[in-house]
Amino acid sequence: MTKQTANAMWGGRFAAGPDAIMEAINASIGFDQRLAAQDIAGSRAHAAMLAATGILSDKDAEAIGEGLLTVLSEIEEGSFPFSAALEDIHMNVEARLKDLIGEPAGRLHTGRSRNDQVATDFKLWVRDNLDAAEAGLLALIRALLTQAEAGADWIMPGFTHLQSAQPVTWGHHMMAYAEMFGRDLSRVRDARARMNECPLGAAALAGTSFPIDREMTAKALGFDRPAANSLDAVSDRDFALEFLSVASISAMHLSRLSEELVIWSSAQFRFVALSDRFSTGSSIMPQKKNPDAAELIRAKVGRIFGANTALMMVMKGLALTYSKDMQEDKEQVFDAADNWMLAMAAMEGMVRDMEADRDSLLGAASTGFSTATDLADWLVRVLGLPFRDAHHVTGSLVAMAEEKGCDLPDLHLSDMQSVHGDITQDVFDVLGVENSVASRTSYGGTAPVQVLAQIERWKDMLK
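First, a word on scope: everything that follows refers to the structure included in this document.

About the cut-offs
- Residues numbered from 1 in each chain as written.
- Predicted model: local features only at pLDDT ≥ 70, side-chain atom pairs only at ≥ 80, totals over all residues.
- Heavy atoms only, no water.
- Axes fitted to C-alpha atoms, helices over the stretch in contact; angles between N-to-C directions.
- Helix = DSSP H or I, 4+ residues; strand = E, 2+ residues; numbered from the N terminus.
- Parallel < 35°, antiparallel > 145°, perpendicular 65-115°, else oblique.
- Left-handed = near helix turned anticlockwise from the far one by under 90°.
- Buried < 20%, exposed > 50% of the residue type's maximum accessible area, 1.4 Å probe, protein only.
- Contact = heavy atoms within 4.5 Å.
- Nonpolar A, V, L, I, M, F, W, Y, C, P; charged D, E, K, R; others polar.
- Core = buried A, V, L, I, M, F, W, Y, C linked by side-chain atoms within 4.5 Å.
- Expected span 1.5 Å × (residues − 1).
- Arc of directions from axis to C-beta.
- Salt bridge = Lys/Arg side-chain N within 4 Å of Asp/Glu carboxyl O.
- Polar contact = N/O pair within 3.5 Å; in protein donor to acceptor, adjacent residues only side chain to side chain.

1. A few points about the packing of helix α11 (residues 238–264) against helix α12 (residues 292–315)
Here is step 1: Where α11 contacts α12, the axes come no closer than 8 Å and their chain directions differ by 160 degrees. As judged from the angle between their axes, α11 and α12 are roughly antiparallel. Seen along the crossing, α11 lies across α12 with a hand that is left-handed.

In structure tokens form, the structure reads like this:
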């Protein structure tokens, strides 16, 4: 391509073509070609509006619309000749449109700028990916509900500090993650509603003197309304930052569940068996079954967090309105979106396929003095001890059981009475993990009846 051709997009302001280094740092077509479908949708809506308002003839608008569909088909087929000299997806599409339909292509840019064009394209792309994230989260929540319902009364240890704390149910633990990803789902929906204003028509920064119909283009592109301030419309990247913020929180939840799956699938725990579809072997140790999918999800969180921080740094010092710095807004979002979608899909597959070992869960819950709190509550409820005194008595009994190498239910009544003489045989009714779990009937508690109620609540919400 000649320098003169490469310089055509800038008009008559520059006498010489761009230096090769300038061309390399300036071009974004290597990554923003992902906006092709959104760019063409925005241009077709803009052309239709220009015709409806009499700014463009119907004949030219029809040629532009048909030509843009041809360009889109070429891109989808992989035959489109992308050029770095044309900088970005917008100029690549427009140049190819001119090749196809000639002079009318030059009328397409009437009443708009690349500033409002790219803001619109990027918003459309982010919106599409918020919709994809919603679908991914819904699938993951449904997989968790299936696991929770199957093991609503399966007893397992609940942990604090990764130490055995109180017995809970498998269903209750699965539903904790359903709540986490449910909050992610609400953030996705909130972000989508907040960003759904159309920048198109804001032009470079001040609006346009052409009698355009911004309501028409906003409606055609599925936006709720046009953006109300032209300066803000072209300089706003809050929608991308919010996308990355939502992705970061969701990725953190994915990482927490990944960590548990790594621990639970180990030979030391044996709480779950992950399917072969989401595990790998060792090149040297034939006995190994590695939870690589969970580990990779855990690692990908760093890339998503990094993208969030990177875009914050790009935007933090920019005066209104557009600066070329903002070309650096897309790669981080593209990468974060790719990794978030992949991580959600992998986690949904792991959760759907994994098999919990009911016996191992119960065995682990039956050790580690997990019913100590039930004992303290019994001392308060039945013997009337102040809780601090009951806590002290229970601690002494735990120490005794530890010394004897047994758990609390294995102590003799005489052992317990040596610490507090009023303890009766009835105390053993609360020391079994089954009784402990069944007693936690407060709203949101781990009792199976409560777990099943929460599952039904979620099923109703997802209908």
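2. A short note on unusual backbone geometry
If a residue is not glycine, its phi is most likely negative; likewise, a peptide bond is most likely trans.
Here is step 1: Residue Leu 320 is joined to Thr 321 through a cis peptide bond whose omega torsion reads 5 degrees.
Here is step 2: Along the chain, the position of Thr 321 falls in the loop between α12 and α13 (330–353).
Here is step 3: Residues other than glycine seldom take positive phi values, yet Glu 87 does so here, at roughly 70 degrees.
Here is step 4: The topology assignment puts Glu 87 in the loop between α5 (58–77) and α6 (89–101).
Here is step 5: Overall, the relative accessible area of 4% leaves Glu 87 in the buried class.
Here is step 6: In this structure, Leu 162 takes a positive phi of about 60 degrees despite not being glycine.
Here is step 7: Within the secondary structure, Leu 162 is located in the loop between β1 (155–160) and β2 (163–169).
Here is step 8: Look at Leu 162 and you get exposed, because its relative accessible area is 52%.

3. Considerations on the packing of helix α7 (residues 114–150) against helix α20 (residues 448–462)
Here is step 1: For the pair α7 and α20, interaxial distance at closest approach is 11 Å and the crossing angle is 150 degrees. It follows from the interaxial angle that α7 and α20 lie roughly antiparallel. Of the two possible hands of crossing, α7 and α20 adopt the one that is left-handed. Facing α7, whose interface residues are Leu 138, Ile 141, Arg 142, Leu 145, Ala 148 and Glu 149, α20 presents Ile 455, Glu 456, Trp 458, Lys 459 and Leu 462.
Here is step 2: Partitioning the contact of α7 with α20 into residue classes produces 7 nonpolar, no polar and 4 charged.

4. So, the nonpolar core
Here is step 1: In terms of nonpolar packing, the biggest core is built from 98 residues, with Trp 170 and Trp 340 touching the most fellow members.
Here is step 2: If you tally residues by element for this core, the top one is α11, at 14 residues.
Here is step 3: Excluding its chain neighbours within four sequence positions, the residues that come into contact with Trp 170 are Gln 147, Gly 151, Trp 154, Met 156, Trp 264, Val 272, Met 354, Ala 356 and Leu 361.
Here is step 4: One finds Phe 369, Ala 401, Cys 406 and Leu 408 within the second-largest nonpolar core, a separate group that totals 21 residues.

5. A word on α20
Here is step 1: For α20, spanning 15 residues, the distance from its first C-alpha to its last is 21 Å, which sits close to the expected 21 Å at 1.5 Å a residue.
Here is step 2: What α20 keeps buried is the set Gln 450, Val 451, Gln 454, Ile 455, Trp 458 and Leu 462. Around the axis of α20, the buried residues are gathered within 140 degrees of arc, so they sit on the same side.
Here is step 3: Buried residues along α20 sit in contact with α7, β2 and α8 (170–195).

6. Some details on the environment of Asp 377
Here is step 1: With respect to the element layout, Asp 377 can be found in helix α15 (residues 372–383).
Here is step 2: Each C-alpha atom of the pair Asp 377 and His 391 lies 8.7 Å from the other, and the pair is 14 residues apart in sequence.
Here is step 3: Apart from residues no more than four positions distant in its own chain, Asp 377 is found in contact with Phe 387 and Arg 440.

7. Digging into the pattern of salt bridges
Here is step 1: Evaluation of the coordinates by the stated rule reveals 28 salt bridges.
Here is step 2: Glu 87 is paired through a salt bridge with Lys 324; the nearest N and O atoms lie 3.8 Å apart. Taken together, the residues span a long stretch of sequence, with Glu 87 in the loop between α5 and α6 and Lys 324 in the loop between α12 and α13 at a distance of 237 residues.
Here is step 3: One continuous salt-bridge network, built from bridges that share partners, spans Glu 87, Asp 88, Arg 114 and Lys 324.

8. Digging into the side chain of Asp 415
Here is step 1: Relative to the assigned elements, Asp 415 resides in helix α17 (residues 413–417).
Here is step 2: In this structure Asp 415 comes out as buried when scored by relative accessible area, which is 14%.

9. Considering the side chain of Lys 123
Here is step 1: With respect to the helices and strands, the residue Lys 123 is situated in helix α7.
Here is step 2: Only 3.0 Å separates the side chain of Lys 123 from the backbone oxygen of Met 195, close enough to count as a polar contact.
Here is step 3: In contact with Lys 123, other than residues within four places in its own chain, are Met 195, Glu 197, Pro 199, Phe 223, Asp 236 and Phe 239.

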